[in-house]
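Fold and geometry: a report
What follows is each chain in one-letter form.
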Amino acid sequence: AQRVTQPEKLLSVFKGAPVELKCNYSYSGSPELFWYVQYSRQRLQLLLRHISRESIKGFTADLNKGETSFHLKKPFAQEEDSAMYYCALSGLGAGSYQLTFGKGTKLSVIP
Amino acid sequence: ETGVTQSPTHLIKTRGQQVTLRCSSQSGHNTVSWYQQALGQGPQFIFQYYREEENGRGNFPPRFSGLQFPNYSSELNVNALELDDSALYLCASSLPGNEKLFFGSGTQLSVL
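In every chain, residue numbers begin from 1 and rise along the written sequence. The lettering of chains begins at A and the numbering of ligands begins at 1, in the order of writing. Owing to the predicted nature of the model, reporting of local features is limited to residues with pLDDT of at least 70; listing and counting of side-chain atom pairs is limited to 80 or more, with chain, interface and lining totals taken over all residues. Hydrogen atoms and water are omitted, and side-chain values are computed over all heavy atoms in the structure.

Section: the layout of surface pockets
In this analysis, the protein atoms alone were mapped onto a 1 Å grid. Cavities are point sets where a 1.4 Å probe fits without being able to get out; pockets are open sets with protein on both sides within 12 Å along at least five of seven lines; lining residues have an atom within 4 Å of a point. Grid points are joined across faces, edges and corners, and a volume is the space filled by probe spheres set on the points. Estimates place the volume of the largest pocket at around 590 Å³. Around the largest pocket, the lining comprises 25 residues; the ones closest to its centre are Thr100 and Phe101 of chain A together with Gly42, Pro43 and Gln44 of chain B. Those elements that place two or more of their residues in the lining of the largest pocket are strand 1 (3–5) and strand 10 (99–101) of chain A together with strand 5 (44–50) of chain B. Note on residue categories: nonpolar means Ala, Val, Leu, Ile, Met, Phe, Trp, Tyr, Cys or Pro, charged means Asp, Glu, Lys or Arg, and polar means any other residue, Gly included. Here the lining of the largest pocket is built from residues that sort into seven nonpolar, 14 polar and four charged. Where helices and strands are cited, they refer to DSSP runs of H or I of at least four residues and of E of at least two residues respectively, numbered from the N terminus.

Topic: the interface of chain B and chain A
Residues count as neighbours in contact if any of their non-hydrogen atoms are within 4.5 Å of one another. Between chain B and chain A, the residue contacts involve 21 residues of the former and 19 residues of the latter. Buried surface at the junction of chain B and chain A, both sides included, amounts to about 1700 Å², of which 50% is carbon and sulfur. A quick way to say it: buried area is the sum, across both parts, of accessible area lost when two parts are put together, with a 1.4 Å probe. When the area that chain B buries against chain A is broken down by residue, the three leading residues are Pro43, Glu99 and Phe103 of chain B, summing to 36%. Take a side-chain nitrogen of Lys or Arg and a carboxyl oxygen of Asp or Glu: if they are within 4 Å of each other, that pair is a salt bridge. Connecting chain B to chain A are zero salt bridges. N or O atoms within 3.5 Å of each other form a polar contact, as long as, within protein, one can give a hydrogen and the other can take it, and as long as residues adjacent in sequence are counted only when both atoms are side-chain atoms. Our count for the chain B to chain A interface comes out at six residue pairs in polar contact (both at pLDDT 80 or more). Going through the elements one at a time, strand 4 (31–37), strand 5 and strand 6 (53–57) of chain B are the ones with two or more residues in the side of chain B that touches chain A. The element contributing the most residues to the side of chain B that touches chain A is strand 6 of chain B, with three residues.

Regarding the sheet that holds strand 1 (residues 5–7) of chain B
All names here are of chain B. Read from one edge of the open sheet, four strands run 1-3-8-7, paired in antiparallel fashion. Strands with a single pairing partner mark the edges of an open sheet, and in this sheet they are strand 1 and strand 7 (64–68). Neighbour-to-neighbour, the strand axes of this sheet turn through a mean angle of 20°, independent of strand direction. Criterion used throughout: strands pair if DSSP finds at least two bridges between them. In terms of strand pairing, strand 3 (residues 19–24) meets strand 8 (residues 74–78) through five bridges, oriented antiparallel. Each residue of the ladder has a partner; that of arginine 22, found in strand 8, is glutamate 75. Lines fitted to the C-alpha atoms define the axes, with helices restricted to the stretch that makes contact. Angles between their N-to-C directions range from 0 to 180 degrees.

Topic: the nonpolar core
Residues and elements named next belong to chain A. Grouping buried Ala, Val, Leu, Ile, Met, Phe, Trp, Tyr and Cys residues that are joined through side-chain atoms within 4.5 Å yields what is termed a nonpolar core. Buried means the residue's accessible area, taken with a 1.4 Å probe over protein chains only, is under 20% of the maximum for its type, while exposed means over 50%, and partly exposed covers the values in between. The biggest cluster of nonpolar side chains holds 24 residues, and the ones touching the most others in it are Trp35, Leu47, Leu48, Phe70, Leu72 and Tyr85. For this core, the secondary-structure elements that each account for two or more residues are strand 2 (10–14), strand 3 (19–21), strand 5 (32–38), strand 6 (45–49), strand 9 (83–90) and strand 11 (105–110). Counting residues per element, this core draws most heavily on strand 9, which supplies four residues. In contact with tyrosine 85, not counting residues within four places along its chain, are Gln6, Leu21, Trp35, Tyr36, Val37, Tyr39, Leu47, Phe59, Leu72, Gly104, Thr105 and Leu107.

Examining unusual backbone geometry
Look at the link from serine 7 of chain B to proline 8 of chain B: it is a cis peptide, with omega at -10°. Mapping proline 8 of chain B onto the fold places it in the loop between strand 1 and strand 2 (10–13). Although it is not a glycine, threonine 68 of chain A adopts a positive phi angle of roughly 45°. Tracing the backbone through its elements, the reader meets threonine 68 of chain A in the loop between strand 7 (60–61) and strand 8 (72–74). On the basis of relative accessible area, threonine 68 of chain A is assigned to the partly exposed category, the value being 30%. Positive phi outside glycine occurs at arginine 51 of chain B, with the angle close to 50°. By the element assignment, arginine 51 of chain B lies in the loop between strand 5 and strand 6.

Comments concerning the sheet that holds strand 8 of chain A
Residues and elements named next belong to chain A. The three strands are arranged 3-8-7 in an open sheet whose pairing can be described as antiparallel. Of all the strands in the sheet, just strand 3 and strand 7 have a single pairing partner and so form its edges. As defined by bridge partners, strand 3 adjoins strand 8 across three bridges and the pair is classed as antiparallel. Paired with glutamate 20 across the strands is lysine 73, a residue of strand 8.

Focus on the confidence of the model for chain A
Per-residue confidence from the predictor is given as pLDDT, running between 0 and 100. In the predicted model, chain A carries a mean pLDDT of 91, and 95% of its residues have values of at least 70. The element-level mean pLDDT for chain A is lowest in strand 6 of chain A, coming to 92, with strand 11 of chain A highest at 98.

As for the state of the cysteines
Any pair of cysteine sulfurs within 2.5 Å is marked as a disulfide. Within the structure shown, the criterion is met by two disulfides over all chains. For cysteine 23 of chain A, the disulfide goes to cysteine 87 of chain A, at an S-S distance of 2.0 Å. Here the disulfide of cysteine 23 of chain A and cysteine 87 of chain A is left-handed, its torsion about the S-S bond being about -65°. Of this pair, cysteine 23 of chain A sits in the loop between strand 3 and strand 4 (24–26) while cysteine 87 of chain A is found in strand 9, placing the two residues 64 residues apart along the sequence. The same class applies to cysteine 23 of chain A as to cysteine 87 of chain A, namely buried. Across the disulfide from cysteine 23 of chain B sits cysteine 91 of chain B; the S-S distance is 1.8 Å. Sign of the S-S torsion, about -65° for the bond between cysteine 23 of chain B and cysteine 91 of chain B, identifies this disulfide as left-handed. One end of the pair, cysteine 23 of chain B, is in strand 3; the other, cysteine 91 of chain B, is in strand 9 (residues 87–94), and 68 residues separate them in sequence. Since its relative accessible area comes to 0%, cysteine 91 of chain B is described here as buried.

Here it is, written out as structure tokens:
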């Protein structure tokens with residue numbers, strides 16, 4: 001069974017401080033990992049995916065297969081980063097790409 | 001470009017009733033997925049439709065069923081509603097083979 005764990009329900013940081021949102025996963029195969037974000041009054045949207053190895057809005061995430069982690073990081077938090085962040089895993093099966101989401105971490109950036 | 005639209009936005013039903021939720025996919029997207037998000041939880045995969053056929057299903061009972069139409073819009077039907085079915089139901093569309101999902105705003109279902 002595949003599982004995604006986000007240990008922090010709420011994370012508060014000061015503006016300009018580094019941010020790290022933790023994500024650990026359990027999956028027997030080779031996973032595809034994602035971070036989705038939901039800003040206030042907006043829809044859930046893709047922030048980044050590990051396969052792209054990209055940096056979006058200053059955020060990066062590295063897949064660590066040894067530690068089965070995919071933590072989201074940003075060196076300097078901005079107030080506009082305040083949002084709900086979900087880590088998600090994709091397991092391939094019969095051609096479908098169903099995502100397993102964690103419970104989410106609410107990031108609050110204090111001015 | 002039109003985004004994913006869902007209707008209705010809110011719905012109140014009583015236990016035992018049936019409900020139909022609707023979703024129009026983003027322009028050009030022929031794959032639609034449905035997710036259930038209970039309060040304080042992440043979205044949970046219900047099923048996915050591609051070319052009008054179910055193409056993957058999560059751990060949900062058969063009373064959760066769906067349809068996809070030739071224009072790629074989709075319906076989620078839930079029979080014999082239970083109190084635990086109260087949740088936000090999210091629809092997401094995507095291109096085939098592309099795991100980037102575009103979500104709608106959801107339908108908030110309350111079962112009394």
